[in-house]
Structure formats: structure tokens, C-alpha cells
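Here is how the chains run, residue by residue.
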Amino acid sequence: MFDYSNFDYTTFRLYIKVFSFVIALLLTQMTLVEWRRFRNTVYKYLALGFGTMLLQISLIVIINLYSIVSGLSYHSTIIPVADHALRTLSYIFIAAAFVTAKPVYRSRFIMVNVAVLVLLTPVMGALWSHNGTVTQPPYIGMVEESFFELWNTFLLIYTIRTISKSEVHIKRGLVIATSVLVVKQLIHLANLYLLNDQPVHFLAAEPALLILYFYATISTIHKEIIGNIIQADKEKTMVKEKSYQDVIRALITSLEAKDKYTRGHSDRVTEYAMLIGNKLDLAPDDLTKLYCGAILHDIGKIGIDEGILNNPLTLGDDEITRIKKHPEIGAKIVSSIDSLSYVAPAVLYHHERFDGTGYPFGLKGTEIPLHARIIAVSDAFDAMLSVRSYRNPVSKQTAINEIISGAGTQFDSDLVKVLVEELGFSMDNNKAVTRTA
Ligand SMILES: [Fe+2]
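Residues numbered from 1 in each chain as written. Predicted model: local features only at pLDDT ≥ 70, side-chain atom pairs only at ≥ 80, totals over all residues.

1. A word on the overall build of the protein
Which entries qualify depends on this criterion: Helix and strand definitions follow DSSP, with helices as H or I runs of at least four residues and strands as E runs of at least two, each counted in order from the N terminus. In this scheme every C-beta is placed from the backbone, and a residue whose C-beta has 20 or more other C-beta atoms within 10 Å is buried, one with 12 or fewer is exposed, and one in between is partly exposed. A residue pair is marked as a contact if its C-beta atoms, positioned from the backbone, fall within 7 Å.
Within the protein one finds 16 helices and two strands. Per-residue burial over the protein gives 33% buried out of 437 residues. For the protein, restricting intrachain contacts to residue pairs at least 6 apart in sequence, the fraction spanning at least 24 positions comes to 66%.

2. Describing the confidence of the model for the protein
In regions of low pLDDT, the predicted coordinates are not meant to be interpreted in detail. Stated formally: Summary of the metric used: pLDDT quantifies the predictor's per-residue confidence within the range 0 to 100.
The pLDDT averaged across the protein works out to 84; a share of 87% of its residues lies at or above 70. Ranking the helices and strands of the protein by mean pLDDT puts helix α13 (residues 344-348) first, with 95, and strand β2 (residues 432-435) last, with 55.

3. Quick notes on unusual backbone geometry
With omega at 10°, the peptide bond leading from Tyr-359 into Pro-360 counts as cis. As for its placement among the helices and strands, Pro-360 is situated in the loop between α13 and α14 (370-385). In the Ramachandran plot, Asp-281 falls in the positive-phi region, its phi being about 60° despite a non-glycine side chain. Along the polypeptide, Asp-281 turns up in the loop between α8 (265-279) and α9 (284-295).

4. Notes on α9
Rules: The length a helix should cover is 1.5 Å for every residue beyond the first.
Taking 1.5 Å as the rise per residue, α9 with 12 residues should run 16 Å; its terminal C-alpha atoms sit 17 Å apart, in good agreement. Within α9, burial applies to Leu-290, Cys-292, Gly-293, Ala-294 and Ile-295.

5. Topic: the environment of Asn-191
In this fold, Asn-191 is placed in helix α6 (residues 171-193). Note on Asn-191: 17 C-beta atoms within 10 Å, which makes it partly exposed. Each C-alpha atom, one on Asn-191 and one on Glu-206, is 10.0 Å from the other, the two residues being 15 residues apart in sequence.

6. Overview of the packing of α8 against α9
Here is the rule: Axis definition: a line fit to C-alpha positions, over the contact stretch in the case of helices; interaxial angles, taken between N-to-C directions, run 0 to 180 degrees. Any angle from 65 to 115 degrees is called roughly perpendicular, while one under 35 is roughly parallel, one over 145 is roughly antiparallel, and all others are oblique. Each crossing gets its handedness from the near helix: less than a right angle anticlockwise from the far helix is left-handed, clockwise is right-handed. Each residue is assigned to one class: nonpolar for Ala, Val, Leu, Ile, Met, Phe, Trp, Tyr, Cys and Pro, charged for Asp, Glu, Lys and Arg, and polar for all the others, Gly among them.
With their axes 8 Å apart at the nearest point, α8 and α9 run at an angle of 150° to one another. Compared by their axis directions, α8 and α9 come out roughly antiparallel. In this structure, α8 crosses over α9, and the sense of that crossing is right-handed. Between α8, through Ser-266, Val-269, Thr-270, Ala-273, Met-274 and Gly-277, and α9, the contact on the second element is made entirely by Leu-287, Leu-290, Tyr-291, Ala-294 and Ile-295. Here the contact of α8 with α9 is composed, by residue class, of eight nonpolar, three polar and no charged.

Below you can see the structure in the form of C-alpha cells.
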């Protein structure tokens with residue numbers, strides 16, 4: 001059986017308070033970081049609440065240490081009253097954090113409570129000095145203790161009510177945590193009035209509940225912080241992607257404004273390229289790169305004279321040489337935009353041919369990057385179906401036959417096969433085209 005008479009309450013209390021100090025420090029830091037990051041007033045008042053709690057705990061740790069080191073009990077009136085007053089102040093701030101209906105209600109709530117605290121704390125101190133019979137720290141007189149403890153209980157119940165009514169996401173966890181603290185208060189009051197502060201297991205129940213409160217609060221706030229970080233990251237990515245898409249769209253619009261024959265061409269080439277990419281089971285990241293490469297493949301035409309781009313007559317050698325510069329111009333444009341530089345190879349090599357007779361470098365077979373090979377076949381297919389300055393469109397069947405005849409020479413035959421099949425046709429003997437069911 002535990003020998004209550006030998007129980008060293010001062011040392012026990014010191015252990016609990018040192019532990020509470022660490023937790024309160026952690027809570028103060030966490031809420032401060034959240035307040036700085038999101039400028040959320042709830043966290044501002046929580047930081048004030050936990051900060052005040054930290055001050056209160058520090059005070060008790062110092063006094064306990066003093067008692068242990070000096071071997072004397074501390075009899076000052078100021079300390080126990082200051083301890084209760086600081087705890088009350090921390091509960092006032094925590095309750096105020098959730099008064100979110102109107103900012104003016106929060107200010108009024110704090111002002112009224114702090115005014116009562118400032119006015120009545122010295123009275124409680126004076127009363128305790130007068131009636132001061134309880135000399136074991138941290139006890140104060142019955143009247144004074146009752147005043148603070150009943151007020152604290154009221155503040156905690158009020159906090160639960162305001163949390164329930166507020167818009168915070170972490171409602172459930174905070175209601176549970178605060179309810180634990182209310183239970184601690186009720187035990188404290190029962191202990192005070194009914195049990196006369198004697199049974200040690202009752203004294204131990206309070207620190208245990210305090211630890212439970214800290215645990216519930218930390219895990220709730222931690223969950224909220226992680227949630228906030230994930231949300232902020234998502235928003236950042238969305239903003240980045242949006243601006244990225246805006247840049248691509250602006251480039252395409254300026255190209256289409258200049259070259260009326262390529263209007264919608266980039267979108268359709270992208271559509272065919274994505275059909276091939278999906279069928280090849282490219283990774284999501286790779287598909288995104290293919291998408292950007294396909295949509296921007298002809299961007300270099302921005303640098304070609306409008307008269308050449310829209311010339312309905314046959315182009316001369318000099319003009320053909322100039323138009324053949326568009327892959328290099330395009331690669332230069334995308335390379336100059338950091339977030340798009342990775343599409344440069346697809347843009348640069350989309351006019352290379354599988355047999356090595358293409359431009360600008362005459363790369364052959366798999367020397368040509370996969371994305372450029374996919375874009376090449378998609379580009380040629382759509383070009384045949386579209387109106388151009390120099391010719392009329394051909395039928396889908398004819399266009400398919402044309403790309404099949406270019407398989408292995410102009411295009412990668414594996415990719416031709418994929419596209420043909422994705423378009424609902426099948427290749428027979430590498431030439432014939434029959435509709436699949
Ligand atoms: Fe092109």
C-alpha cells in the first residue's frame with residue numbers, strides 16, 4: 001500500500017510542472033508559428049493563452065525549486081495568488097480565441113474579464129494574508145481558491161461553448177481537450193470542498209488530466225497545422241500551374257493570331273499525341289511534358305514572316321529555308337522560359353524523320369526523342385486534315401493511308417500503328433486500312 005504520509009508532494013508537483021512547462025512551450029511555439037504564417041486571430045489568442053500558461057508554470061517551477069534547494073516552504077502571499085491569477089488570464093485568452101462572431105465581442109470579453117482580474121486579484125491576496133492558515137505551496141485560502149477555481153471552471157465551459165459555435169476546423173479535438181480540463185476543475189473543486197485536499201490519488205488525478213489535456217490539444221493543433229501546410233502547398237501548386245497554363249495559352253494565342261492556318265492545329269496535335277502517350281502508358285509526369293511539347297511544337301512560327309506563313313502560293317527555296325528555322329526558333333523561345341525549358345527537345349526535333357532525312361539535324365530512329373517522334377506523326381496527320389495556305393484538306397481515310405505509307409521512313413512505325421489503332425482503324429500488311437468494329 002502506498003504510504004501517503006511520506007509522499008513528497010513538492011517534488012511530485014515539480015516533475016509535473018517541468019513536464020507541463022515543456023508542453024506549454026511547445027504549444028506556444030506551434031500557435032505562434034501558425035499565427036505568423038496565416039495571420040489567423042484564433043492562433044494569436046491561443047499563443048497569448050499558452051504563453052501566459054508558460055509564465056504561470058515557470059513561476060511555480062522556480063518556487064518549487066527554491067523550496068527544494070532551500071528546504072523551506074514558501075509562505076509568500078503573492079506567489080499562490082499570482083499563480084491562480086496567471087492561470088485565469090491564460091484561460092481568458094484561450095476562451096477569447098474562439099469568440100469569432102464579431103471582433104468587438106472578443107475585445108469586450110477580454111476587457112471585462114481582465115478588469116475583474118486586475119481589480120480582484122489584490123483583494124484575494126489581501127484576504128489570503130488575513131486568513132492565511134494554509135501554508136503548503138501552492139494552496140491559498142478557501143475563499144480565494146474558490147473564487148479563482150469557480151471562475152476558471154466557468155471560463156472553460158464558456159470556451160467549449162464558443163468552440164462549438166465557431167468556424168474552426170479543429171472543433172472536435174479542442175472540445176474534447178477542454179472538456180478534460182473541465183473534469184480536472186471539477187475534481188479540484190470536489191477535492192477542495194469534500195475531501196479537504198487529503199487523498200493523494202485525487203491529487204494525482206489532476207496532473208494526469210492536465211497531461212491528457214495537453215496531449216489532446218497538441219495532437220489537435222498538430223493535425224490542423226499539417227492540414228494547413230498541405231492546403232497551402234496545394235494552393236501554391238494550383239497558382240503555379242495556372243500561371244504556367246496562362247503562359248502556354250498566351251504563346252499559342254499569339255501564334256494563332258499570326259498564322260490563321262494553324263488555328264486549332266496545336267490543340268488537335270496535342271489530342272493525337274495524348275492518344276499515343278496514353279496508349280504507351282507514359283507516366284503522368286511524362287504525359288504532362290508531352291502535352292506541353294505538343295501544344296507548343298510550332299511556337300517557333302512566331303519568328304517567321306507572316307507573308308510566308310499565310311502565302312497561298314508555292315514557296316520559293318529561300319522561303320522554305322526560312323520556314324524550316326521554326327523548330328530552332330521555338331526551342332529558343334521555350335528554353336528562355338525556365339518552367340518550359342524541358343519541352344525544348346520535343347519542339348526542336350519535331351520535323352526530324354525516322355530515316356534521318358528530316359530537319360534541322362537529320363537525326364535518325366531513336367536518336368530522335370520519343371516525344372518529338374509522337375508529335376511528328378500527330379502533326380503530319382492533322383496537317384493533312386486541315387486547310388493550309390497551299391492546299392486543301394484530304395479525307396481522314398486518305399490521311400491515315402498517308403501516315404501508314406510513311407511508317408518506318410518519315411515516322412516511327414510503332415507509333416503509327418498506335419495512332420491508327422487509337423483512331424479506330426487497323427493496319428494490315430503495313431499498308432491496308434480497315435475499320436475495326
Ligand atoms: Fe512544325
